[in-house]
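# Architecture at a glance
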Amino acid sequence: MSTAYDLVVIGAGPGGYVAAARAAALGLKTALVEKDDALGGTCLHRGCIPTKALLHAADLYGEMRQARHIGIEAEGVRVDWRKVQRSKQRIVDTNAGGVRHLMSTRGVDVHQGFGMLDGPGRVRVRSGKEKKAATLATRNVLLAVGSTPRALPMASFDHPSGRVVGSDGILRLGEIPGSLVIIGGGVIGVEFASLFVRFGAQVTVLEAAERLLPAADADCSLQLQRQLAKQGVRIHTGARVGDISPRKQGVTVGFTDAGGKQLTCEGDIVLVAVGRAPLTQGIGLEQTQARVDDRGYVRVNGWMQTEQDGLYAIGDCVETPWLAHVASAEGIIAVEQMAGRQPAALNYDHIPSCVYSDPPVAQCGLTQQQAAEAGHDVKTSVFPFARSGKASILGKKEGFVKFVTEARYGEILGVHIIGPQATELIAEPAFAMQLEATVEDIARSVHAHPTLYESIYEAAAIAADRAIHG
């Protein structure tokens, strides 16, 4: 058995490697186990970073095509998909190298191989390059094993046609598909719809709920749905997929629409974006006292502790939001608890969530419906970007900032933004919520002009009965 550790982290995604870095900074002798060749996990290699790199390329392409409206002539603008993919990969590789360097500078021992629990205080690491598995002794183990795209029973990702893919596979396409059918209108489905429609693909989205982004604010969701339809995305909500038939030249998808009518649609590629499943099978949890629910999620308390002493779990393998920044925050809480720092548990109502579509959507806190169902005396205030000078300059006047507040005291219950740079603008209200600031506090804070974030002030001012432009 090798050197004993204070902590062994299994999984080097944004939860695992951040936790390892923090643990090492707190003086814990730390090891990080990762099954992939490079560090960074799904977020870096198959999720957040490569997807947003492609979406940025689509944003830039769209801006260049629209430049003529402000007097900038750009002729012959086209997409070289192979160069776009190479650029994406450079970004991924650079960031992966950065993670590796961080582990080195923090003194974290990196073990390449598949990590699994081998009883209390033991982690077995099986490497394909070695005949025997190494065993690491440790006082604590942190599971940061992540998740994988869910498939549908009638749509296997390993079909020989290669025309049915998940979010991993679609990032590896060698060319832009002429047509794309997306099953699932959540965050992943919406982002890829926004990406490929702007690159010229004919995109169809099939969503089982009554609207896209069913977990988002209803007003934001419906606004996004209208904007995507305007861009050419064909959207069927209330859709129930019945069969998927891959062929050599394409895929046919049969579904029932919201009115019960049997329909079909066809695409060169079908993207299945119906969620993700935790990677908790086969990692030795049955040898512990940790509890796992029927969907594979590990049960934890507010400090990410399982029922097994010294065993913690974070990120996509626990039932909290599937967000990289959530996993990172959970990892920090877990290791600070191990180190006796007595951290506060995470308030999941204060977590910002972003959709990098065009237009982008961002939210923090409760939706209007959730706030009402929780018994709050709800007041909403909306400021449209159509009244923003900076949005007018950018030519992006669609969308709004919406505050959901408690009517009597001005407590900020939720903030929802759809429109230009929404994913950046959400930071101010999210910070305000964390500090328990009120809409009055925001309304009395001077915001620079002309800026997009003035719209935060304007919406807060409406909520505080101090409206100027609203």
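We now turn to the structure provided with this report. (Residues numbered from 1 in each chain as written. Predicted model: local features only at pLDDT ≥ 70, side-chain atom pairs only at ≥ 80, totals over all residues. Heavy atoms only, no water.)

## Points about the pattern of salt bridges
Applying the stated rule across the entire model yields 18 salt bridges. Between Asp 168 and Arg 46 there is a salt bridge, with the nearest N and O atoms lying 4.0 Å from each other. With Asp 168 in helix 5 (residues 167-170) and Arg 46 in helix 2 (residues 41-46), the pair connects residues that are 122 residues apart, well separated along the chain. Residues Arg 122 and Asp 118 are paired through a salt bridge, measuring 3.1 Å at the closest nitrogen-oxygen approach. What emerges from the salt-bridge pattern is a single network uniting Asp 36, Arg 46 and Asp 168. (Salt bridge = Lys/Arg side-chain N within 4 Å of Asp/Glu carboxyl O. Helix = DSSP H or I, 4+ residues; strand = E, 2+ residues; numbered from the N terminus.)

## Let's talk about helix 3 (residues 48-66)
Given 3.6 residues per helical turn, the α-helix brings residues three or four places apart onto the same face. With 19 residues, helix 3 ought to run about 27 Å at 1.5 Å a step, and its terminal C-alpha atoms sit 27 Å apart, in line with that. Taken together, the buried positions of helix 3 are occupied by Pro 50, Thr 51, Ala 53, Leu 54, Leu 55, Ala 58 and Tyr 61. Looking at the buried side of helix 3, the elements it contacts are helix 2, helix 4 (81-106) and helix 6 (187-198). (Expected span 1.5 Å × (residues − 1). Buried < 20%, exposed > 50% of the residue type's maximum accessible area, 1.4 Å probe, protein only. Contact = heavy atoms within 4.5 Å.)

## Quick word on the sheet that holds strand 9 (residues 179-183)
A sheet is described by the order of its strands in space; here five strands give the open sequence 8-15-9-10-11, paired in parallel fashion. Here the strands that pair on one side only, and so sit at the sheet edges, are strand 8 (164-165) and strand 11 (234-237). (Pairing = 2+ DSSP bridges.)

## Here we look at the environment of Asp 465
When you line up the elements, Asp 465 lands in the segment after helix 14 (454-463). As for Asp 465 and Leu 224, which are separated by 241 residues in sequence, their C-alpha atoms are 28 Å apart.

## Observations concerning the pairing of strand 18 (residues 352-355)
Bridge analysis of strand 18 against strand 19 (residues 361-365) gives four bridges, and the strand direction is antiparallel. Bridge pairing links Cys 354 to Ala 362 in strand 19.

## Things to note about the sheet that holds strand 12 (residues 240-246)
With antiparallel pairing, three strands are arranged side by side in an open sheet as 12-13-14. The sheet is open, and its two edges are formed by strand 12 and strand 14 (262-267), each paired on a single side. Averaged over all adjacent pairs, the angle separating strand axes in this sheet is 20°, with direction ignored. The pairing of strand 12 with strand 13 (residues 251-256) spans six bridges and is antiparallel. By the bridge assignment, Ile 244 is partnered in strand 13 with Val 253. (Axes fitted to C-alpha atoms, helices over the stretch in contact; angles between N-to-C directions.)

## A look at the packing of aromatic side chains
Scanning the entire structure with this criterion turns up four aromatic pairs. Their ring planes at 75° and their centres at 5.9 Å tell us that Trp 81 and Phe 199 sit as a pair that is edge-to-face. Linking Trp 81 in helix 4 with Phe 199 in the loop between helix 6 and strand 10 (202-207), this pair joins segments that are 118 residues apart in sequence. Of the two residues, Trp 81 and Phe 199, neither departs from the other in class, the shared state being buried. Relative to Phe 196, the ring of Phe 192 has its centre 6.3 Å away and its plane inclined at 20°; by these criteria the two rings are stacked. On the criterion of helical spacing, the pair formed by Phe 192 and Phe 196 is a turn pair, its members being four residues apart in helix 6. A network of ring pairs unites the aromatic residues Tyr 61, Trp 81, Phe 192, Phe 196 and Phe 199 as a single cluster. (Phe/Tyr/Trp six-rings, centres within 6.5 Å; stacked < 30°, edge-to-face > 60°.)

## A short note on helix 1 (residues 16-25)
For helix 1, the buried fraction is high: seven of the ten residues fall into the buried class. Here helix 1 has its buried residues at Gly 16, Val 18, Ala 19, Ala 20, Ala 21, Ala 23 and Ala 24. On the buried face of helix 1, the contacting elements are strand 1 (5-10), strand 2 (30-34), helix 4, strand 6 (134-143) and helix 8 (324-338). In the segment just after helix 1, Gly 27 is the residue with positive phi, at about 90°.

## Regarding the nonpolar core
In terms of nonpolar packing, the biggest core is built from 45 residues, with Leu 32, Leu 142, Leu 143, Leu 285 and Met 338 touching the most fellow members. Elements with a contribution of two residues or more to this core: strand 1, helix 1, strand 2, helix 4, strand 5 (122-126), strand 6, strand 17 (311-313) and helix 8. In this structure Leu 32 touches Val 9, Gly 11, Ala 12, Gly 16, Tyr 17, Ala 20, Leu 39, Met 103, Val 108, Asp 109, Val 110 and His 111, once residues within four positions along its chain are discounted. Ranked by size, the runner-up nonpolar core spans 36 residues in total, among them Ala 58, Val 84, Phe 192 and Ile 269. (Core = buried A, V, L, I, M, F, W, Y, C linked by side-chain atoms within 4.5 Å.)

## Description of the side chain of Glu 207
Positionally, Glu 207 belongs in strand 10. No salt bridge forms around the buried Glu 207; measuring N to O, its nearest opposite-charge neighbour Arg 240 is 6.9 Å away. Setting aside chain neighbours within four positions, we find Glu 207 in contact with Gly 184, Gly 185, Gly 186, Leu 212, Pro 214, His 236, Thr 237, Gly 238 and Ala 239. (Lys, Arg positive; Asp, Glu negative; His and termini not counted.)

## Things to note about the packing of helix 3 against helix 6
Where helix 3 contacts helix 6, the two axes come as close as 9 Å, and the packing angle between them is 40°. Taken together, the axes of helix 3 and helix 6 are oblique relative to one another. As helix 3 packs across helix 6, the resulting crossing turns out to be left-handed. On helix 6, the residues that touch Thr 51, Lys 52, Leu 54, Leu 55, Ala 58, Asp 59, Tyr 61 and Arg 65 of helix 3 are Glu 191, Phe 192, Leu 195 and Arg 198. Considered class by class, the residues forming the contact of helix 3 with helix 6 number six nonpolar, one polar and five charged. (Parallel < 35°, antiparallel > 145°, perpendicular 65-115°, else oblique. Left-handed = near helix turned anticlockwise from the far one by under 90°. Nonpolar A, V, L, I, M, F, W, Y, C, P; charged D, E, K, R; others polar.)

## Section: the environment of Thr 306
Assignment of secondary structure puts Thr 306 in the loop between strand 16 (276-278) and strand 17. Judged by relative accessible area, Thr 306 falls into the buried class, the value being 10%. Distance in space between the C-alpha atoms of Thr 306 and Arg 172 is 36 Å, their sequence separation being 134 residues. Among all residues touching Thr 306, those that are not within four sequence positions of it are Ala 290, Val 298, Arg 299, Val 300, Leu 311, Tyr 312 and Ala 313. Polar contacts involving the side chain of Thr 306 include one to the main-chain amide nitrogen of Gln 308, which spans 3.1 Å. From its side chain, Thr 306 meets the backbone oxygen of Leu 311 in a polar contact 2.8 Å long. (Polar contact = N/O pair within 3.5 Å; in protein donor to acceptor, adjacent residues only side chain to side chain.)

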